[in-house]
Amino acid sequence: MFHICLLMFSPQNYPLYIRSVPCQNELKFHYTVHTSLDVVEEKVSAVGKSLADQRELYLGLLYPTEDYKVYGYVTNSKVKFVIVVDSSNTSLRDNEIRSMFRKLHNSFTDVMCNSFYNPGDPIQSKAFNGIVCGMMVQTG
């Protein structure tokens, strides 16, 4: 069975958006992603010391487990995107994960530009949710 989970975290590490397929594994994915936040922080601080302003937003594979692969991405405003995919899914390549993060970042930018959205609130945009669901259908 194919699993995918997308979580977005604020700069203070509280969730802004959670979406997983299938839904019954959401708590397990949430735990997996929270453990990956330490890896995200390590990578961001290591890159921040060496390159200052010229850091890559895509963090790549954060860590693989027996069941899942966890990928990370951090925006310039320190919002973190984490995608969890099934380890058995060998069809997803690194450049496809990278393009998924770019697509998410562009959609997140659209949410932030909405004058009715308060930064830091959980994202409840139908357009953003539609893009995420579309990505999950494409990869599943």
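Note that the coordinates shown come from a computational prediction; the quantities given were computed from them, not determined experimentally.

Here's the deal with the overall build of the protein chain
Move 1: When helices and strands are counted, the protein chain shows three helices and five strands.
Move 2: Taken over 140 residues, the protein chain has a buried fraction of 43%.
Move 3: Of all intrachain contacts in the protein chain linking residues separated by at least 6 positions in sequence, the fraction that spans at least 24 positions is 51%.

Concerning the packing of aromatic side chains
A ring pair, where both rings are aromatic, is described by two values, the distance of the centres and the angle of the planes.
Move 1: Applying the stated criterion across every chain, the model contains five aromatic pairs.
Move 2: For the ring pair tyrosine 58 and phenylalanine 101, a centre distance of 5.8 Å and an interplane angle of 50° mean the geometry is tilted. Here the residue tyrosine 58 occupies a position in strand 3 (residues 58-64), and phenylalanine 101 occupies one in helix 2 (residues 94-113), the gap between them amounting to 43 residues.
Move 3: Tyrosine 58 gets classed as buried once you look at its relative accessible area, which sits at 7%.
Move 4: For phenylalanine 101, a relative accessible area of 0% corresponds to the buried category.
Move 5: Within the aromatic cluster, the residues linked to one another by ring pairs are Tyr58, Tyr73, Phe81, Phe101 and Phe108.

As for the nonpolar core
General note: in soluble globular proteins, nonpolar side chains tend to be found buried as a group.
Move 1: Ranked by internal contacts, the top residues of the largest apolar core, which has 26 residues, are Met8, Ile83, Phe101, Leu104, Ile123 and Phe128.
Move 2: Of all the secondary structure elements, the ones that give two or more residues to this core are strand 1 (4-9), strand 2 (15-21), strand 4 (68-74), strand 5 (80-86), helix 2 and helix 3 (126-139).
Move 3: A per-element tally of this core places helix 2 first, with six residues.
Move 4: Apart from the residues within four sequence positions on either side, phenylalanine 128 is in contact with Met8, Tyr17, Leu104, Ser107, Phe108, Val111 and Ile123.
Move 5: The next biggest cluster of nonpolar side chains, apart from the first, holds 16 residues, and it includes Phe9, Val44, Leu62 and Tyr68.

Remarks on the environment of proline 22
Move 1: In this structure, proline 22 sits in the loop between strand 2 and helix 1 (26-51).
Move 2: Remark: the alpha-carbon pair of proline 22 and isoleucine 4, spanning 18 residues in sequence, is separated by 7.8 Å.

Considerations on the side chain of serine 10
Move 1: The topology assignment puts serine 10 in the loop between strand 1 and strand 2.
Move 2: With residues near it in sequence (within four places) discarded, serine 10 still touches Leu16, Lys78 and Lys80.

Focus: unusual backbone geometry
Move 1: If you check the backbone angles, asparagine 13 has positive phi at about 70° while not being a glycine.
Move 2: Structurally, the position occupied by asparagine 13 is in the loop between strand 1 and strand 2.
Move 3: Overall, the relative accessible area of 27% leaves asparagine 13 in the partly exposed class.

With respect to empty space enclosed by the protein
Move 1: In the structure shown here, the tally under the stated rule is one cavity of 30 Å³ or more.
Move 2: There is about 40 Å³ of room inside the largest cavity.
Move 3: The wall of the largest cavity is formed by Ile4, Leu6, Ile83, Met100, Val132, Met135 and Met136.
Move 4: Those elements that provide at least two residues to the lining of the largest cavity are strand 1 and helix 3.
Move 5: Per-element accounting of the lining of the largest cavity gives the leading share, three residues, to helix 3.
Move 6: Of the residues belonging to the lining of the largest cavity, the class tally is seven nonpolar, no polar and no charged.

Here is what the cut-offs are and how they apply
- Residues numbered from 1 in each chain as written.
- Predicted model: local features only at pLDDT ≥ 70, side-chain atom pairs only at ≥ 80, totals over all residues.
- Heavy atoms only, no water.
- Helix = DSSP H or I, 4+ residues; strand = E, 2+ residues; numbered from the N terminus.
- Buried < 20%, exposed > 50% of the residue type's maximum accessible area, 1.4 Å probe, protein only.
- Contact = heavy atoms within 4.5 Å.
- Phe/Tyr/Trp six-rings, centres within 6.5 Å; stacked < 30°, edge-to-face > 60°.
- Core = buried A, V, L, I, M, F, W, Y, C linked by side-chain atoms within 4.5 Å.
- 1 Å grid on protein atoms, 1.4 Å probe; cavity = no way out; pocket = protein on both sides within 12 Å on 5 of 7 lines; lining within 4 Å.
- Points joined across faces, edges and corners; volume = space filled by probe spheres on them.
- Nonpolar A, V, L, I, M, F, W, Y, C, P; charged D, E, K, R; others polar.

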